[in-house]
Amino acid sequence: MKTVKYKDYQASVEFDDGKLFVKVLHIDDLLLSECDSASEAEGVLAELIEDYLLDCAEIGKEPCKPFKGSLNVRIAPDLHRRAAMSAADEGQTLNAWISSAISEKVECTRLSDRIDGVFSKKQQEVTARAYLHNTHDIAAGLKQFNYRARYFQDDEPIVARAEVVRVIGLKRQMHG
């Protein structure tokens, strides 16, 4: 399931029975629309939300908010006991302890995604350099690599990863 966001609302974009649907998540009211392509999903969501907010205003109804700040979680009794004891050991309420634990998990996930992105980019750069050095035409490869190196300023790369990919593409064409 893919998701899109507009204001504080999130919607799923799903393909079902040959059609693409946008459905607003996390609220009690049903907001659902069909669109022709994935590129239209964000616009369809914006229109859904704006129409919903106008309709609520017209009839004097408070629009459902996606998140109210409270949730009911069902967990195993042993985990409940251990969490409550850990919270007490840290001088916190169980609610404060759980809120902190969720916050830590969310931040760790974001950090992990960022680190994975950095490692992936570095791995691609190393792979590209290794490919250049392992070709039979080292002189041409170094010429292309030196051309790319001119785009560095104060030891900071100005060129995106696409430059490395372009160099690899040129090398493959020379040896293909």
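Remember, predicted model here, so these are calculated numbers, not experimental data.

**Describing the overall build of the chain**
Stage number 1. The helix and strand tally for the chain stands at five helices and six strands.
Stage number 2. Ordered by position in the sequence, the α and β elements of the chain form the string β-β-β-β-α-α-α-α-β-β-α.
Stage number 3. Relative to its 176 residues, the chain shows a buried fraction of 21%.
Stage number 4. In the chain, the share of contacts with a sequence separation of at least 24, taken over all contacts with a separation of at least 6, comes to 36%.

**Side note on the environment of phenylalanine 67**
Stage number 1. Mapping phenylalanine 67 onto the fold places it in the loop between helix H1 (41–59) and helix H2 (77–89).
Stage number 2. Counting along the chain gives 58 residues from phenylalanine 67 to tyrosine 9, while the straight-line C-alpha distance between them is 9.1 Å.

**Examining H2**
Stage number 1. The end-to-end C-alpha separation of H2 is 18 Å, in line with the 18 Å expected for 13 residues at 1.5 Å each.
Stage number 2. Remark: glycine 91 follows H2 within two positions and exhibits a positive phi of approximately 70°.

**Some points on unusual backbone geometry**
Stage number 1. Phi at lysine 7 takes a positive value of approximately 55°, unusual for a residue other than glycine.
Stage number 2. One non-glycine residue, aspartate 17, lies in the positive phi region at around 55°.
Stage number 3. Along the chain, the position of aspartate 17 falls in the loop between strand E2 (9–16) and strand E3 (19–24).
Stage number 4. A relative accessible area of 73% places aspartate 17 in the exposed class.

Reading the values: the criteria
- Residues numbered from 1 in each chain as written.
- Predicted model: local features only at pLDDT ≥ 70, side-chain atom pairs only at ≥ 80, totals over all residues.
- Heavy atoms only, no water.
- Helix = DSSP H or I, 4+ residues; strand = E, 2+ residues; numbered from the N terminus.
- Buried < 20%, exposed > 50% of the residue type's maximum accessible area, 1.4 Å probe, protein only.
- Contact = heavy atoms within 4.5 Å.
- Expected span 1.5 Å × (residues − 1).

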